[in-house]
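Fold and contact review
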Amino acid sequence: MFIDSSSAFATTLSSLILVMRDHVKRFAAKAAVLLAAIIGLGGCDGASARPAVSRTTPPESTQFRLPTGAVLDPAVRSVELGSLPLAIAAHPGGRYVVALLSGWREQGIQSFDRATGRVVQTVRLPAAFLGVAFNRAGDTLYVSGGFRDVVYEFGWQDGRATLIDSIPLSERARRLGQRYPAGIALSPDGRTLFVAENLSDSLAVVDIASHRVRQRLPLGRYPYGVVTTRGGEVFASAWGDKVFAFKANASGTLTPDRQLAAGRHPSALLLDRDESRLFVASATTDRVTVLDVRSRERVAELADPPPAGPDEGSTPNALALSTDGRRLFVAEADNNAVAVFELGAKTMGRQSGRARDTLAGRIPVDWYPTALLSLGDTLLVVSGKGRHTSPNPDGPTPYRPAPAGGHAYTLGQLNGSLMSISLSALEPASLAAFTKRVAASNGWNKGARPRAAYPPFEHVIYVIKENRTYDQVLGDLSQGDGDSSLVFFPRNNTPNHHALAERFGIFDRFFVNAEVSADGHNWSMGAYATDYVEKTDASNYSKRGRTYDYEGTNRGAGSRFIPEDDVSEPANGYLWNLAQRGGISFRNYGEFVSRDAASSALRYIGNKPFLKAHTNNEYPGFDLDVPDQHRIDVWRRDFERDVRAGTLPQLTILRLPNDHTAALKAGALTPRSLVADNDLAFGRLIEALS
C-alpha cells in the first residue's frame with residue numbers, strides 16, 4: 001500500500017495493531033505485509049502543496065475545507081490578524097484589545113478597535129510568546145519577549161502602543177533563550193510583574209519600578225500561564241507538570257504554598273469574578289479542572305472530548321466565563337469550535353443553581369482557536385490559524401528555500417483571525433444549530449463507524465518519509481488527479497515510487513495533515529499533535545530560540561533518561577505504546593532517536609524508554625549526510641536474519657528521510673540526487689520483502 005500523506009493513517013495503523021493481536025495467533029502461514037509509505041510529512045524546505053480546494057482566496061461562502069479534511073463553518077465572519085496569534089488582552093476601557101502574534105512570519109502585537117472592527121496598529125518585535133497584560137490604569141502594556149529574555153514595556157494611548165523600554169530577565173550577558181518569558185500577570189497594586197519563564201522552569205518576580213528581578217521561584221517543566229488574586233495570591237501552570245500556588249508577602253515577594261494536581265498538561269488558567277474558583281485547561285486529556293481557591297481542592301472536572309471519541313483530540317486550550325459566571329467557554333483547538341458549559345452550583349461555589357455541569361453545545365469558529373475573552377455580551381475568539389490555507393505553486397521548492405517572512409511557505413500562510421460572537425444570541429435553539437454545524441464540519445454526524453474488516457496482517461512495516469507532496473513526485477501520472485507543472489522528481493528520478501503507485505494504488509486525493517516535520521512526525525507516531533507542538537514549532541522553525549522539542553526530545557536532548565512523558569507526548573502515548581500494551585513484537589529503525597554522544601561509534605538511541613529497548617542502534621536517524629542505502633543495508637541484515645529464524649517483528653517502523661533534501665546547500669547532494677538515493681532504498685526494501 002502506497003500512501004502519499006501524513007494524515008490520519010496513524011489512527012488506522014493503531015487499529016491495525018489491535019487486528020494483528022487478534023489474528024497473529026490464528027494465522028501462522030506466510031505473513032501478510034502492510035507497507036505504509038508516508039511521503040508528505042512537510043518540513044523546513046516548505047514543499048509546495050495542493051489542498052482539497054484549489055483557490056488562493058476563501059470562497060464567498062464562509063465554509064472552507066482544510067487539508068486536514070475538516071470543514072470550517074464559522075458562526076460569524078472574522079477579521080484577519082497576523083501570524084499565529086496565541087493570546088489576547090483587553091484595555092480597561094473596553095474599546096481596544098491587543099492580540100499577541102507568535103508565528104513563523106512575524107511576532108509582535110496588534111491593536112484591534114472593537115468600535116470600528118479594524119486592526120489599527122501592528123508592532124513587530126524580535127520575538128513574542130503568550131504573555132500580554134495591561135496595568136490597571138490602562139496606560140502601560142506588557143508583552144513577553146520570547147527568546148529575547150525580556151518583557152517589553154509599552155506606553156498606551158488612543159489604541160496605540162509605543163515601545164518605552166524592555167525589562168531584562170537576566171542581569172548579565174548570556175546566550176538568549178534561557179528564560180523565554182511566557183504568561184505574565186500584575187500584582188493588585190501594579191508594582192510587581194509575575195513572569196512564567198518557559199525554558200528555565202521558574203517564576204520571576206519583577207519589580208517594575210527598578211526593572212529588576214526581585215525573586216525567582218522554581219516551577220515545574222515549561223511554565224505557561226500566571227494569574228493573581230486581589231489578595232495577592234499567585235497561581236502558575238506548568239505545561240509539563242502541575243499548577244503551583246504562592247502566597248504574597250508584605251515585602252512584595254512570594255512564598256511557595258502548594259502544588260495542585262489539575263490534570264496532565266495544564267496550561268490556560270482562569271479565575272472567576274469572586275476568585276473562589278480557578279479553572280485549568282488540560283489540552284491533551286480533553287479536561288478542564290476546577291479548583292477551590294481557598295481549600296486548594298478539586299471541586300469538579302469538566303469532560304470535553306469529541307462525541308464518541310477518545311479522551312484526546314478536542315484540545316481545550318483557552319477559557320472564558322460569562323459575566324454572570326454561569327457559562328464557561330472553552331476553546332477547542334482541534335475541533336475548530338468553542339464549547340459552552342452550563343456550570344452547576346458546586347462548580348460555581350454557590351448555594352443554589354443547576355445540579356450538575358453540562359456541555360450545552362458548541363460554537364463553530366475558525367481554524368485552531370487559541371484565546372478567548374468575554375466582554376459583557378460579547379465573546380471574542382482568536383484563532384491561531386485563521387480562516388483558510390491555500391496552494392502555493394509559486395512558493396518554496398526543493399531548489400528554492402523559503403525566504404524569511406514569506407507568505408507562501410506552509411507556516412507563513414497561517415494568518416490568525418478574531419471574531420466577535422453575541423452571547424445573547426446563544427439561546428438553546430441557536431446553540432443547538434451551531435452544535436450540529438460543528439458536528440458536520442468534523443464528520444461526527446456520520447454515525448458509528450463500521451467495524452473495519454482488515455486482512456489477516458501478521459506483519460506491518462511502517463515507512464516514514466519526508467516533505468514531498470503528491471504532485472512533486474507523482475504529478476506526472478496520467479491516471480491521477482495531479483498537476484504536472486509541479487513535478488520535481490519525475491519517473492526517471494523515482495522509478496520505484498512510480499511503479500509501486502501504478503501497481504498498488506495512487507491515492508491522489510490524500511492531503512498533508514501537518515505543516516512541518518515537527519507536527520508531522522508526532523502526528524504519524526501518535527495520531528495527534530499536542531498544543532505544545534502547535535504553539536512552539538513556528539518559533540523553532542523561524543530560529544527564534546526554541547530547541548526542537550519534538551520526536552521525543554526536550555530542549556535539544558533526548559528524553560530517554562526521563563521516566564515521565566515528554567511535553568509533546570500525547571496522553572495516550574505513541575504507536576509503540578499501543579504495541580507494548582497489545583503484546584505486539586516491535587522494532588524501530590531511526591524514528592524518534594538521538595545520536596549517542598557517549599559513544600565514539602555512530603550509535604542511535606530511542607528517545608523513549610520502551611523505544612530505547614526496541615531500536616536498532618546502528619540505524620541512523622535524520623542525517624542527510626548518511627545515504628539511505630546505508631540505512632537499508634542495516635535493516636536488511638536484521639530482516640534476513642529474522643526471516644531465517646522466524647523472528648520478524650509484527651510491527652516495524654522504518655525511517656527513510658533523504659527525500660527531505662537539502663535544497664542547494666553548499667557541499668550537500670542535490671535534491672534529485674537525494675531523492676534518487678531515497679527511491680533506490682525504497683525499491684530495495686520492496687525487493688527484500690518480495
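Everything below is about the structure shown above.
Quick look at the structure, then. Note that the structure is predicted; figures quoted are calculated from it, not measured. (Residues numbered from 1 in each chain as written. Predicted model: local features only at pLDDT ≥ 70, side-chain atom pairs only at ≥ 80, totals over all residues. Heavy atoms only, no water.)

A few words now on the overall build of the protein. When helices and strands are tallied, the protein shows 11 helices and 39 strands. A total of 690 residues make up the protein; the buried ones form 62% of that total. In the protein, the share of contacts with a sequence separation of at least 24, taken over all contacts with a separation of at least 6, comes to 60%. Total accessible area computed for the protein in this model is approximately 26600 Å², and 50% of it derives from carbon and sulfur atoms. (Helix = DSSP H or I, 4+ residues; strand = E, 2+ residues; numbered from the N terminus. Buried < 20%, exposed > 50% of the residue type's maximum accessible area, 1.4 Å probe, protein only. Contact = heavy atoms within 4.5 Å. Areas by Shrake-Rupley, 256 points an atom, 1.4 Å probe, with all protein chains shown as cover.)

All right, on to helix 10 (residues 628-645) then. Relative to the 26 Å expected for 18 residues at 1.5 Å per residue, helix 10 spans 26 Å between its end C-alpha atoms, a close match to the ideal helical length. Among the residues making up helix 10, those that are buried are Asp628, Gln629, Arg631, Ile632, Val634, Trp635, Arg636, Asp638, Phe639 and Asp642. The inward-facing, buried residues of helix 10 contact strand 33 (459-464), strand 36 (586-589), strand 39 (651-655) and helix 11 (671-689). Glycine 646 occupies a position one or two residues after helix 10 and carries a positive phi of about 70°. (Expected span 1.5 Å × (residues − 1).)

Bringing helix 6 (residues 517-526) into the picture now. Counting buried positions along helix 6 yields 10 of 10 residues, so the element is predominantly enclosed. Restricting attention to buried positions, one finds in helix 6 the residues Ser517, Ala518, Asp519, Gly520, His521, Asn522, Trp523, Ser524, Met525 and Gly526.

Time to look at the sheet that holds strand 11 (residues 140-144). The strand order across the open sheet formed by 4 strands is 10-11-12-13, and the pairing between neighbours is antiparallel. Each edge of the open sheet is held by one strand with a lone partner, namely strand 10 (132-134) and strand 13 (160-168). The mean angle between the axes of side-by-side strands here comes to 25°, regardless of whether they run parallel or antiparallel. The pairing of strand 11 with strand 12 (residues 150-157) spans 5 bridges and is classified as antiparallel. Within the sheet, the bridge partner assigned to valine 143 lies in strand 12 and is tyrosine 152. (Pairing = 2+ DSSP bridges. Axes fitted to C-alpha atoms, helices over the stretch in contact; angles between N-to-C directions.)

With that settled, the discussion passes to the pairing of strand 31 (residues 378-386). When you tally the buried positions in strand 31, you get 9 out of 9 residues, the bulk of the element. Both strand 30 (residues 367-375) and strand 31 contribute to a ladder of 7 bridges, which runs antiparallel. Looking across to strand 31, one finds that alanine 371 is bridged to valine 382. Between strand 30 and strand 31, which pair antiparallel and follow one another directly, the connecting turn spans 2 residues, one of which, glycine 376, has a positive phi of 65°. As paired strands, strand 31 and strand 32 (residues 415-422) are joined by 6 bridges and run antiparallel to one another. Counterpart to valine 381 in the pairing with strand 32 is methionine 419.

Turning next to the pattern of salt bridges. Applying the stated criterion to the full structure yields 39 salt bridges. With a shortest N-O distance of 2.7 Å, glutamate 332 and arginine 362 are connected by a salt bridge. Separated by 30 residues along the polypeptide, glutamate 332 in strand 27 (residues 327-332) and arginine 362 in strand 29 (residues 358-364) bring together distant segments of the chain. The class for arginine 362 is buried, based on a relative accessible area of 5%. The salt bridge involving aspartate 642 is made with arginine 587; its shortest N-O contact spans 2.6 Å. Here aspartate 642, found in helix 10, pairs with arginine 587, found in strand 36; they are 55 residues apart in sequence, far enough to count as distant. Pair check on accessibility: aspartate 642 and arginine 587 agree, each one buried. (Salt bridge = Lys/Arg side-chain N within 4 Å of Asp/Glu carboxyl O.)

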